[in-house]
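Here's the letter readout for the chains.
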Amino acid sequence: MWDFPLFPKQGSSFASQVDAIYAALWLTSGFFMVLIATLLVVFAIRFHHSQKRDRKLAEHKTALLEAVLIGGPTLIALGIFFWAAAVFFHTQQAPDDAMEVYVVAKQWMWKVQHPGGQREINALHLPVGRAVKLTMTSQDVIHSFYVPAFRVKQDVLPGRYTTLWFQPTEVGEYHLFCAEYCGLEHSRMIGKIVVMSPSDYEAWLGPGGAGPLGEAGTLSSAGGQVFAHLACNNCHVADSALRAPRLQGLFGSQVKLASGQTVIADEGYIRESVLDPNAKIVAGYPSPSLMPTFKSQISEDQLIELIEYIKLLSAAGMVGDERQPPAPGVELTPAPTPANREESNQP
Amino acid sequence: MTTLNIPLPRRHDYLSAGSTIKSWLLTVDHKRIALLYLVSITLFFFVGGAAATLIRVELMTPRGDVVSAEAYNRLFTLHGAVMIFFFLIPSIPATLGNFLIPLMIGARDLAFPKLNLASWYFFMAGGILAVVAILKGGVDTGWTFYTPYSSTYSNSAVTWMACGALLAGFSSIFTGINFIATIHTMRAPGMSWFRLPLFVWAHYATSLIMVLGTPVVAITLLLMVVERTFRNTSMQIGIFDPAIGGDPVLFQHLFWFYSHPAVYIMILPSMGVVSEIISCFSRKPVFGYTFVAGSSLAIAVLGFLVWGHHMFVSGQSMYASMVFSVLSFLVAVPSAIKVFNWTATLYKGRVTFTTPLLYAIGFIGLFTIGGLTGLFLASLAIDVHVHDTYFVVAHFHYIMVGGAVMGYLGGLHFWWPKITGRMYPKTWGIFSAVLIFVGFNLTFFPQFIVGYLGMPRRYHAYSPEFQVLNVMSTAGASILGAGYLFPFTYLLWSLFRGPKVGANPWGAKGLEWQTESPPTTHNFDETPIVTEPAYNYDPEIEDDASGVVAGGRTSL
């Protein structure tokens, strides 16, 4: 009964940093709360009308006192601002070597896709000690990916990607909550983050990383099939930039646009280019774009697969095509329905 | 103008100016319109309170077992929308502000009496639409109407409730225009800007927000309704739903551009009330008058620049978040100035414990906690963790209930003898003020803890480790609920049986205490001439502020 925690479990490298600011805020606030409460009570009793007191007001140096009352809180406030902003800045910059996981939210479940092809529902298995970067989107309304033990939260929006990173520090199971109200079963859109020792994680991944889920094929190989099925290779030919920009070496590079702007080819850029080819025309290509929109032909899951495939192409392109992408031309089999695909994925 | 010299009791006071329903529904007297508002918002307060009761009962157990998830979602939306749009925003301005601003500046009425009446009709029309929305099964979007849930996915009476809020918004624009025009043009001779009671300054700042902010939320709700109306037709209009080319975060920017300043619409008038009460019952001028007045304006201006602190995890640019964070810290400074100055006002005062003073001191305490926990939320790394948890729920209830409602009740108890000409029982007043203070803290303080532990808001069912704190919260809510029933009961009683009081039962300064209680229809027989600053009290003079003086003083 009196085991009364004031802090949630500390499960990530951010947790102790956030808790330190929180404790400092309570100490500072507590000081002012007690100060104000004490002064109110003491003044009210000491200067109660029944008390004989000297009530003659001295000539106050009001301006000086006000300057102190304004300046003091301002300095304290700015100090806390910088501290909290510095930690926040750190939480917004995923390290380059973070392992990547994709999250697709929908009413009312979390679908997780690992690059190795493992898929999970309302669960995310991770190795302890590795930085993880989540790239997230929603199929319907706004959701929010919240892990209290990690002190991280990020809204998951329809129509774009948002990212979140953290580094689990303790093996264990942690709550995953949806924090943005999303309709009827909002409070049941919950799951668990399972942080495992590296060996347990390897075991979970399955032999050869094929996954415990019996589903062969990485995200990028599935993406290769999407690429072929949508006939992307008609224009995005491996060695030619004649009809369409080369995809080899594309991911993560700087792209010069017809508008004169330069953008970085990240997940969001590829997503937008597939769904709305006219949004950003690469310099040297005609406007409007020759490419049709694939908006109604591709799901969020397939987009992620495609992005992983383009990442693979990019990596392959950079090392001189040593790693051959899976041969296009394979007919894409109809995707299993979410229900049977996901049920079979339950550990 | 000839004046009657025969001292008739209750000579043509505003209450007896007409007793027919028509005389009330067509009145252009600011005092009667204030009472129309008072009755209306009290009804809405009990509607919103009933929803809160059911919410707290449901949350006693982790499982969703008292009401269904569907009903729960509709209850918290009902509670939020009704309490904010139909109780808190109009609470002090439309009742006490409406009643007192002309009296305080020595005017016969507001600048536009008919606009004032129109504002009440807009408010009631909005209220009726909200009631229709409730009767049609309610709304399940939360009071924030976030898109694309509200505009595309929700199958509830969203359009009705949004249109209700829209009309209520117009009533608040009308009130704001009226106050600004009145304060600029109708001050009595000698009532210079820096002789204005701080209550009037607070309402001036509030009115600026109403006039500048409300149109933005009006157009935002309208755009949401437009997108929703055409969502199943061939001519879809994509504004906020990305599936049809819109941007869901745009809605949040527009919504909070108004709805953050709206928090100051709720709290600034309470701050004005507290300045009046503290000064009266410590028999001292408010310490640092110009700073307190200026801080109201500073809050109104800075309040328009901090909306993005509701969006730190929304996908907004990290650099934008940093700017919004630092501005949010700065908006705390003028609030801190007020708290320090109220506290300093008591020093070397002549303090009398009365019901209004207890509410005012309770306000300062709870507002201090609410304001300081606002700094937690302005801190970027902390907000990422506690955003959309019960920490936020606790924080804004400390501001809106601990602050705004305590101020409203304090003001109601302070000016009740002026409004009705009768006094309520002091013992019951003090008893319920204490009860409300205790019940409030027990309800909402545990929510700070459960929020930091990670309990998200708007959860129908929750994880079992959060139960103890939720049970504490529900226990507190039952005390708080009882606490609200007492003033409702004894104030009603005092309307008929309370001892009659004279013009100035508290021995207070301020022009409103120079006219009779209740005031005559045109407030003053002759336009008063102001010759002294506000709060010209002298704590060295022994006098009585207990409010029990039957007959009271008639002049100062």
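Scanning chain A for helices and strands turns up seven helices and 12 strands. Counting across all 347 residues of chain A, residues that qualify as buried make up 47%. Taking all contacts inside chain A whose residues are at least 6 apart in sequence as the whole, residues at least 24 apart take part in 65%. Accessible surface, chain A as shown: approximately 16,400 Å² in total, 60% of it carbon and sulfur.

Moving on, we come to the pairing of strand β4 (residues 123-127) of chain A. All names here are of chain A. With five of five residues buried, β4 is to be regarded as a mostly interior element. Residues A123, H125 and P127 line one face of β4 and the alternating positions L124 and L126 line the opposite face, and both faces are buried. Across five bridges, the pairing between β4 and strand β10 (residues 191-196) is parallel. Directly across from L124, in β10, lies its bridge partner I193.

The next point concerns the confidence of the model for chain A. Residues and elements named next belong to chain A. For chain A, the average pLDDT comes to 85, and 86% of its residues sit at 70 or higher. Mean pLDDT in chain A bottoms out at helix α7 (residues 338-343), which sits at 40, and peaks at strand β6 (residues 143-147), which reaches 98. Counting interchain partners and residues more than four positions distant, the pLDDT-below-50 stretch residues 210-214 has 13 contacts. Throughout residues 318-347 the model reports pLDDT below 50, and contacts reaching past four residues in sequence, or to other chains, amount to 39 contacts.

Residues and elements named next belong to chain A. One open sheet accounts for five strands, arranged β4-β10-β9-β6-β7; its pairing is mixed. The outermost strands of the open sheet, each flanked by one partner alone, are β4 and β7 (152-156). Each adjacent strand pair in this sheet contributes to an overall mean axis angle of 20°, direction not counted.

On to the confidence of the model for chain B. With 96% of its residues at a pLDDT of at least 70, chain B reaches an overall mean of 93. For this predicted complex, the interface score ipTM comes out at 0.91, while the overall pTM is 0.91.

The next thing to look at is the interface of chain B and chain A. The extent of an interface is frequently quoted as the accessible surface area lost upon association of the parts. Each partner contributes to the interface: chain B provides 89 residues, whereas chain A provides 79 residues. Among the residues of chain B in contact with chain A, B:F340, B:K348 and B:Y452 are the three that bury the most area, contributing 10% of the side total. There are two salt bridges connecting chain B and chain A. Notably, a salt bridge pairs A:D54 with B:K348, separated by 3.7 Å at the nearest N-O pair. Run the count over chain B and chain A and you get 19 residue pairs in polar contact (both at pLDDT 80 or more). Among the elements of the structure, α3 (69-105), α5 (149-153), α8 (248-282), α10 (318-346), α11 (355-378), α12 (380-386), α14 (426-452) and α15 (467-497) of chain B are those that each provide at least two residues to the side of chain B that touches chain A.

A separate point is the packing of aromatic side chains. Going through the model one piece at a time under the given rule, you end up with 73 aromatic pairs over all chains. On the basis of an interplanar angle of 85° and a centroid distance of 6.1 Å, the ring pair of A:W26 and B:F448 is categorised as edge-to-face. Taken together, the residues span two chains, with A:W26 in helix α1 (residues 15-46) and B:F448 in helix α14. Taken together through their ring pairs, the aromatic side chains of A:F7, A:Y22, A:W26, B:F376, B:F391, B:Y398, B:F440, B:F444, B:F445, B:F448 and B:Y452 make up a single cluster. Taking the ring centre of A:Y146 as reference, the NZ or CZ of A:K153 above it sits at 3.8 Å. Above the plane of the ring of B:W24 lies B:R32, whose end atom (NZ or CZ) is 3.9 Å from the centre.

Parameters and conventions
Numbering of residues starts from 1 in every chain and runs along the sequence as written. Written order decides the labels, with chains lettered from A and ligands numbered from 1. For a predicted model such as this one, the threshold for reporting local features is a pLDDT of at least 70, and the threshold for listing and counting side-chain atom pairs is 80 or more; totals across whole chains, interfaces and linings nevertheless cover every residue. Side-chain calculation: all heavy atoms of the structure are included, whereas hydrogens and water are not. Here a strand is any run of E in DSSP of at least two residues, a helix any run of H or I of at least four, and the numbering for each starts at the N terminus. Accessibility here uses a 1.4 Å probe with only protein chains present; expressed as a share of the type maximum, an area under 20% marks a residue as buried, one over 50% as exposed, and anything in between as partly exposed. Contacts are residue-level and defined by heavy atoms, with any inter-residue pair within 4.5 Å sufficient. Where accessible areas are quoted, they stem from the Shrake-Rupley method and a 1.4 Å probe; at the residue level, only the protein chains shown are allowed to cover. At least two bridges found by DSSP between two strands are what make those strands a pair. Confidence of the prediction at every residue is given by pLDDT, a number between 0 and 100. Helix axes use the C-alpha atoms of the stretch in contact, all axes being lines fitted to C-alpha atoms, and the angles between their N-to-C directions lie in the range 0 to 180 degrees. The term buried area refers to how much accessible surface (probe radius 1.4 Å) is lost by two components on association, counted for both of them together. Only one rule defines a salt bridge in this text: a Lys or Arg side-chain nitrogen within 4 Å of an Asp or Glu carboxyl oxygen. By the criterion applied in these results, polar contacts are pairs of N or O atoms within 3.5 Å in which, for protein atoms, one can donate a hydrogen and the other can accept it, and in which residues neighboring in sequence qualify only through two side-chain atoms. Only Phe, Tyr and Trp rings are paired, with Trp represented by its six-membered ring, and only when their centres lie within 6.5 Å; those with planes under 30 degrees apart are stacked, over 60 edge-to-face, the remainder tilted. A positively charged side chain is recorded as over a ring if its NZ (Lys) or CZ (Arg) lies within 6 Å of the ring centre. The angle to the ring normal must also be within 35 degrees.

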